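# Report on the structure
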Amino acid sequence: MTCRSVCRVLQRRLVASTAEVRLSAAELSRMRSVLFSKEQARQRALIPRTEKIEVTMQGPGLKGTLLIMNKGVSTPHSCARHLTEWHVSSSALALVDGEPWSMNRPLTQSCSLTLLTFKETEPCEVNKAYWRSCAALLGQVLQNAFKDELSVELLRSPELPVTSGAFCCDLILDRQLDTWTPSEEALQSLTRDAQQLIQKDLPWEPLEVLPSVALEVFSHSRCKQEEVEERAAESPSGTVMLYRCGDHVLLSRGPLVARTGLCSQYEVTAMHNLDQGERGLRRRVQGLSLPLQLQAHHTIWRRLRKRAEQLVEVPPPQVPEATPISSY
C-alpha cells in the first residue's frame, strides 16, 4: 500500500473518531505537544549508544576547524557552543553538506557545517527560513488569540519570498466572525502577543516523523491532515517535518530559524478576506518583520509597513507541462 493510501485510510479513521470532540486552543496545543514529546522520546530511545561523528566547520575564520560530536544528538547549535558566544547568538540557520538545516536538528553523519547569519553575502536561504518563521509565529498567535468557543482553523502558510513585502498566514475563523473586520487596535493586540513570544526567545524544535504520527498530532484538523498527506507524498523519504515552539506544533515546508528571539521589529499589518469556501470564509493575515541583526529607520519602516498592508497575491502552483511522446 502506498504512503498516500495509508495516509488516506488513517485520516478517515482519525477524523471519524474525533469529529464530535471539540477542544479549546489551549487543550489542542497541549495534546499536540504531548504527542510531539512522546515521539521525540521514542526516537531518542532508538539510539543505543553514543557514536562519534566528525563535523568540519566552514565559514570565515573557521575553515578546517574539526569538531567531534555525537551522532543523532548533537545539533548545529551544539557545534556553535564549541565556538564563540557570537556564533551561538547570531547563527540563524545552518548548511549541512550544502543543505539548509535547522540549528536545532540533530546531525546524522559526519559532514561539513556552515553557520548562517542574516548578514550573509548570499542571504537567500536564511531569508526564506526567516520569512517562514515569521509566518509560523503569526499562526501561533492567531491560534490562541480568540475565545475558546470560537474555532480557528489554520491553513497552510503560503511560501513567499521576502520581496513579496509581507509574510502571510491563511486561516478560517468561526462563522460567527464572518462579518467581523479587525480594528487597528485588534491588529496591535496581535502584534503585542507576537512580541511576547519573541521576548521569551523560544526555540523552534524540529522533529522528522512518519505520516501516521503527524496524522495523530493533527487529528482534530482535516486541513492539516490533507497537508500531511501532500507533504509525505512529496518527500523522498515519505516523512514530514514538525516543529514545536512552546506548546505550539506546526508543519513546515522548510527549515525555520533557531529561535523566536532572532525576530526584532515585528508587526501584524492587515487581515484580508479571500473567498468563501465550503469550510468557511478564508482570510489572509499579513505581517512585517526584520531580524535582530538588521534594523530600519522609522521612516523606512513606515513605508515598508504601508506596503505590507496591501493584499499579497499568491500565484497558483505551476503544473508542469506534459512531455510530448516522440514518434518513431
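Here's a quick rundown of the structure. If you're wondering where the values come from, they're calculated on a predicted model, not measured in any experiment.

### Description of the overall build of the protein chain
Of the regular secondary structure elements, the protein chain holds 9 helices and 12 strands. Classification of the 328 residues of the protein chain by burial places 47% in the buried group. The contacts of the protein chain with a sequence gap of at least 6 include a subset with a gap of at least 24, amounting to 70%. Of the accessible surface of the protein chain, which amounts to about 17,500 Å², a share of 52% is contributed by carbon and sulfur atoms.

### Concerning unusual backbone geometry
With glycine set apart, most residues show a phi of negative sign, and most peptide bonds adopt trans. Positive phi, normally seen in glycine, also occurs at Asp 97, with a value near 50°. Its place among the elements puts Asp 97 in the loop between β3 (93-96) and β4 (99-101). Given the relative accessible area of 44%, Asp 97 is considered partly exposed.

### Quick look at the sheet that holds strand β11 (residues 263-277)
Sheets are built from strands paired through backbone hydrogen bonds, the pairs being either parallel or antiparallel. What the 4 strands build is an open sheet, ordered β6-β7-β12-β11; its pairing is antiparallel. Strand pairing shows two members of the sheet lacking a second neighbour, β6 (152-154) and β11, which therefore form its edges. For this sheet, the mean angle separating the axes of adjacent strands, direction not counted, is 30°. The pairing of strand β7 (residues 167-173) with strand β12 (residues 280-291) spans 6 bridges and is classified as antiparallel. Note that in β12 the partner of Leu 171 across the bridge is Arg 283.

### Here's the deal with the sheet that holds strand β8 (residues 205-209)
Strand order in the open sheet formed by 3 strands is β8-β9-β10, with antiparallel pairing between adjacent strands. With partners counted over all chains shown, the strands left at the sheet margins are β8 and β10 (248-251), one partner each. Strand-to-strand twist in this sheet, taken as the mean axis angle between neighbours without regard to direction, amounts to 30°. Where strand β9 (residues 240-245) lies against β10, 4 bridges are found, and the strand directions are antiparallel. Counterpart to Leu 242 in the pairing with β10 is Leu 251. Running at roughly 70° to β8, helix α2 (residues 25-45) makes contact with β8, β9 and β10 of the sheet. Of the strands in this sheet, β9 and β10 touch helix α8 (residues 222-234), which is tilted by about 45° from β10.

### What about the nonpolar core?
Counting 70 residues, the largest nonpolar core has Val 55, Trp 204 and Tyr 266 as its most contacted members. For this core, the element with the most residues is helix α5 (residues 124-143), which contributes 11 residues.

### Describing the pattern of salt bridges
Overall, the coordinates contain 18 salt bridges when judged by the stated rule. Note that Arg 105 is salt-bridged to Glu 208, the shortest N-O span being 3.3 Å. Note that Arg 105 is positioned in the loop between β4 and β5 (111-116) and Glu 208 in strand β8, a separation of 103 residues in sequence. The exposure class of Glu 208 is partly exposed, given its relative accessible area of 33%. Residue Asp 275 pairs with Arg 282 through a salt bridge whose shortest N-O separation is 2.7 Å. When its relative accessible area of 34% is taken as the criterion, Asp 275 is described as partly exposed. A single salt-bridge network, built from bridges that share partners, covers Asp 170, Asp 275, Arg 282 and Arg 284.

### As for α2
When the terminal C-alpha atoms of α2 are compared, their 30 Å separation across 21 residues agrees well with the 30 Å that a helix rising 1.5 Å per residue should span. Taken together, the buried positions of α2 are Ala 25, Leu 28, Ser 29, Arg 32, Ser 33, Leu 35, Phe 36, Glu 39 and Gln 40. Buried residues in α2, looked at end-on, bunch into an arc of 165°, giving them a common side. Turned more than 90 degrees away from the buried face of α2, the exposed residues are Val 34, Lys 38 and Ala 45. Those residues of α2 hidden inside the fold are in contact with α5, β8, α7 (211-217), β9 and β10.

### A short note on the environment of Lys 71
Its location among the elements puts Lys 71 in the loop between β2 (66-70) and α3 (76-81). Separated by 35 residues in sequence, Lys 71 and Pro 106 place their C-alpha atoms 7.5 Å apart. Excluding its chain neighbours within four sequence positions, the residues that come into contact with Lys 71 are Ile 47, Glu 51, Ile 53, Leu 107 and Thr 108.

### Re the side chain of Ser 91
Here Ser 91 is to be found in the loop between α4 (85-90) and β3. Given a relative accessible area of 1%, Ser 91 falls into the buried group. There is a polar contact of 2.6 Å between the side chain of Ser 91 and the backbone oxygen of His 87.

### Digging into the packing of α5 against helix α6 (residues 184-200)
Packing of α5 against α6 brings their axes to within 9 Å, and their N-to-C directions diverge by 115°. Taken as a pair, α5 and α6 cross one another with a handedness that is right-handed. Across the interface between the two elements, Leu 137, Gln 140, Val 141 and Leu 142 from α5 touch Leu 190, Asp 193, Ala 194, Leu 197 and Ile 198 from α6. Along the lines of polarity and charge, the residues of the contact of α5 with α6 split into 7 nonpolar, 1 polar and 1 charged.

What counts and how
- Residues numbered from 1 in each chain as written.
- Predicted model: local features only at pLDDT ≥ 70, side-chain atom pairs only at ≥ 80, totals over all residues.
- Heavy atoms only, no water.
- Helix = DSSP H or I, 4+ residues; strand = E, 2+ residues; numbered from the N terminus.
- Buried < 20%, exposed > 50% of the residue type's maximum accessible area, 1.4 Å probe, protein only.
- Contact = heavy atoms within 4.5 Å.
- Areas by Shrake-Rupley, 256 points an atom, 1.4 Å probe, with all protein chains shown as cover.
- Pairing = 2+ DSSP bridges.
- Axes fitted to C-alpha atoms, helices over the stretch in contact; angles between N-to-C directions.
- Core = buried A, V, L, I, M, F, W, Y, C linked by side-chain atoms within 4.5 Å.
- Salt bridge = Lys/Arg side-chain N within 4 Å of Asp/Glu carboxyl O.
- Expected span 1.5 Å × (residues − 1).
- Arc of directions from axis to C-beta.
- Polar contact = N/O pair within 3.5 Å; in protein donor to acceptor, adjacent residues only side chain to side chain.
- Left-handed = near helix turned anticlockwise from the far one by under 90°.
- Nonpolar A, V, L, I, M, F, W, Y, C, P; charged D, E, K, R; others polar.

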